Amino acid sequence: QVQLVESGGGSVQAGGSLRLSCAASGYTANSNHMGWFRQAPGKEREAVACINTFSRNTFYADSVKGRVTISQDNAKDTVYLQMNSLKPEDTAMYYCAAGFGYPWYSPAGYNYWGQGTQVTVSS
């Protein structure tokens, strides 16, 4: 079974930065893509950034383009989300996910999920 553990969340002021980390363990060979999703109270879960684990192709939500970068280490066991110029609307629970389904930029394309890490941005 694949396990995903997020870390790096916290509270920051608007304009600040955070780097989220996702450590993967277990069998991950079937995970074609990994991603970061977020869910704010009263809103649907949405993709923030996704990465194909083999080609390193990336997807970014329009709301975060230019402010965040998703990356994966050479061993493919850790995925990062570097977030800069944070805004209050970025406040949400952030989840790491891995999967082999489709679409790869949608929750429907993912099979394994972490427990989440809270990001709070104050103005």
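Thresholds, definitions, all that
- Residues numbered from 1 in each chain as written.
- Predicted model: local features only at pLDDT ≥ 70, side-chain atom pairs only at ≥ 80, totals over all residues.
- Heavy atoms only, no water.
- Buried < 20%, exposed > 50% of the residue type's maximum accessible area, 1.4 Å probe, protein only.
- Helix = DSSP H or I, 4+ residues; strand = E, 2+ residues; numbered from the N terminus.
- Pairing = 2+ DSSP bridges.
- Contact = heavy atoms within 4.5 Å.
- Disulfide = S-S within 2.5 Å.
- Phe/Tyr/Trp six-rings, centres within 6.5 Å; stacked < 30°, edge-to-face > 60°.
- Lys NZ or Arg CZ within 6 Å of the ring centre and 35° of its normal.

**So, the pairing of strand β11 (residues 117-122)**
1) Next: Judged by which residues are buried, β11 turns out to be one-sided: Thr117, Val119 and Val121 face inward and are buried, whereas Gln118, Thr120 and Ser122, on the alternate face, are not.
2) Next: Bridge count between strand β9 (residues 92-99) and β11: 3 bridges; the pairing is antiparallel. Note on β11: the bridge partner recorded for Ala92 is Val119.

**Re the environment of Gln3**
1) Next: Within the fold, Gln3 resides in strand β1 (residues 3-7).
2) Next: For the pair Gln3 and Ala98, spaced 95 residues apart in the sequence, the C-alpha separation amounts to 9.5 Å.
3) Next: Leaving out residues up to four positions away in the same chain, Gln3 has contacts with Ala23, Ala24 and Ser25.

**Observations regarding the state of the cysteines**
1) Next: Inspection of every chain in the model, using the stated rule, returns 1 disulfide.
2) Next: Note on cysteine connectivity: Cys22 is disulfide-linked to Cys96, with sulfurs 2.0 Å apart. One disulfide, between Cys22 and Cys96, carries an S-S torsion of -80 degrees and so falls in the left-handed class. Placement of Cys22 in strand β3 (residues 18-25) and of Cys96 in strand β9 is noted, with a sequence separation of 74 residues between them.
3) Next: With no disulfide of its own, Cys50 lies closest to Cys96 among cysteine sulfurs, the gap being 10 Å.

**Description of the packing of aromatic side chains**
1) Next: Tallying each qualifying case throughout the model produces 4 aromatic pairs.
2) Next: Ring geometry for Phe37 and Tyr110: centres 4.9 Å apart, planes at 75 degrees, overall edge-to-face. Here Phe37 is found in strand β4 (residues 33-39), whereas its partner Tyr110 is found in the loop between β9 and β10 (112-113), with 73 residues between them in sequence.
3) Next: Note on Tyr110: relative accessible area 6%, which makes it buried.
4) Next: Counting every residue linked through ring pairs, the aromatic cluster contains Phe37, Tyr110 and Trp113.
5) Next: Here the guanidinium or amino end of Arg45 rests over the ring plane of Tyr95, the centre of that ring lying 4.1 Å away.
6) Next: The ring of Trp113 has Arg45 lying over it, and the distance from NZ or CZ to the ring centre is 4.8 Å.

**As for the pairing of strand β8 (residues 78-83)**
1) Next: As paired elements, β3 and β8 share 6 bridges and run antiparallel to each other. The residue bridging Ala23 from the neighbouring strand is Thr78, located in β8.
2) Next: Summarising the sheet, strand β7 (residues 68-72) and β8 pair through 5 bridges and their orientation is antiparallel. Paired with Ser71 across the bridge in β8 is Tyr80.
3) Next: Two successive antiparallel strands, β7 and β8, enclose a turn made up of 5 residues, where Lys76 displays a positive phi of approximately 65 degrees.

**Quick look at unusual backbone geometry**
1) Next: Residue Tyr102 is joined to Pro103 through a cis peptide bond whose omega torsion reads -15 degrees.
2) Next: Although it is not a glycine, Arg56 adopts a positive phi angle of roughly 70 degrees.
3) Next: In this structure, Arg56 sits in the loop between β5 (46-52) and β6 (58-60).
4) Next: A positive phi angle, near 50 degrees, is found at Ser85, a position not held by glycine.
5) Next: By the element assignment, Ser85 lies in the loop between β8 and β9.
6) Next: Here Ser85 falls in the partly exposed class, since its relative accessible area comes to 42%.

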